[in-house]
Amino acid sequence: TIRLIAAEKVPELEPITDVDEQRNCELMNGRDAFLTLCRENRYQFSSLRRAQYATLCMLLEVHGQLNVSGHFCNICKQNMAGHYHCTVCDDYDLCDNCYSCFGHEHNMEG
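It should be emphasised that the depicted structure is a prediction, and the values quoted were computed from it without experimental measurement.

With that settled, consider the overall build of the chain. Tallying secondary structure elements over the chain gives 3 helices and 3 strands in all. Listing the helices and strands of the chain from first to last along the sequence gives α-α-β-β-α-β. By the compact-globule yardstick of 13 Å for 110 residues, the chain is too spread out, its C-alpha radius of gyration being 22 Å. Principal-axis analysis of the C-alpha atoms gives the chain an extent of 70 × 35 × 25 Å. Counting over 110 residues, the chain shows a buried share of 18%.

The sheet built from 3 strands is open, its strands ordered E2-E1-E3 with antiparallel pairing. Taken across any chain shown, the strands that pair with only one partner, and hence form the sheet edges, are strand E2 (93–94) and strand E3 (108–109). Bridge analysis of strand E1 (residues 84–86) against E3 gives 2 bridges, and the strand direction is antiparallel. For cysteine 86, the partnering residue across the bridge sits in E3 and is methionine 108.

Time to look at the confidence of the model for the chain. Predicted coordinates in areas of low pLDDT are best not read in detail. When pLDDT is averaged across the chain, the result is 83; 94% of the residues are at 70 or more. Averaged pLDDT values over the elements of the chain bottom out at 82 in helix H2 (residues 48–67) and peak at 89 in helix H3 (residues 96–101).

This part covers the nonpolar core. Listed in full, the 9 residues of the largest apolar core are Cys25, Leu27, Leu37, Cys38, Tyr43, Ala54, Cys57, Met58 and Val62. Of all the secondary structure elements, the ones that give two or more residues to this core are helix H1 (31–41) and H2. When residues of this core are assigned to their parent elements, the largest contribution, 4 residues, is made by H2. If you look at the next biggest cluster of nonpolar residues, it comprises 8 residues, including Met80, Leu94, Cys95 and Met108.

Another point: the side chain of aspartate 93. Along the chain, aspartate 93 turns up in strand E2. No salt bridge is formed by the buried aspartate 93. Its closest oppositely charged neighbour is lysine 77, at 11 Å. Looking at aspartate 93, its side chain comes within polar contact range of the side chain of histidine 85, at 2.6 Å. Beyond its immediate chain neighbours, meaning those up to four positions away, aspartate 93 contacts His71, Phe72, Cys73, Asn74, Met80, His83, Tyr84 and His85.

Tallied over the entire structure, the rule returns 0 disulfides. A disulfide-free cysteine, cysteine 101 has its sulfur positioned 6.7 Å from the sulfur of cysteine 98, the nearest such atom.

Turning our eyes to something else, we now look at the environment of histidine 106. Secondary-structure assignment places histidine 106 in the loop between H3 and E3. We classify histidine 106 as partly exposed; its relative accessible area is 27%. Put simply, histidine 106 and cysteine 86 are 20 residues apart on the chain and 6.5 Å apart in space, counted from C-alpha to C-alpha. Apart from residues no more than four positions distant in its own chain, histidine 106 is found in contact with Cys86, Val88 and Cys89.

Basis of the calculations
- Residues numbered from 1 in each chain as written.
- Predicted model: local features only at pLDDT ≥ 70, side-chain atom pairs only at ≥ 80, totals over all residues.
- Heavy atoms only, no water.
- Helix = DSSP H or I, 4+ residues; strand = E, 2+ residues; numbered from the N terminus.
- Rg over C-alpha atoms; globule rule 2.2 N^0.38 Å.
- Buried < 20%, exposed > 50% of the residue type's maximum accessible area, 1.4 Å probe, protein only.
- Pairing = 2+ DSSP bridges.
- pLDDT = per-residue confidence, 0-100.
- Core = buried A, V, L, I, M, F, W, Y, C linked by side-chain atoms within 4.5 Å.
- Lys, Arg positive; Asp, Glu negative; His and termini not counted.
- Salt bridge = Lys/Arg side-chain N within 4 Å of Asp/Glu carboxyl O.
- Polar contact = N/O pair within 3.5 Å; in protein donor to acceptor, adjacent residues only side chain to side chain.
- Contact = heavy atoms within 4.5 Å.
- Disulfide = S-S within 2.5 Å.

And the structure:
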């Protein structure tokens, strides 16, 4: 619920506390990185519809920078930090659990 509060009562309000931890993100460290990403992906903020779409895309980009290592297991599809990579197959990775349970026909380096 959003409530409007008179300006006179603002000093009486309790300070807002954020329960989420602070995270560092290259995208939000400066104006240039933000503007470059918007320009490269053609994100526009000229209308409400475009601003909503661009904001959603930016949130996904930030979320991806913070939480995704870029490697996904080919069996369980989970994001993984430590992984095994096939030396023969193109872009074939396994997480530790799937590697120990299922293995792979080719040599894997981890």
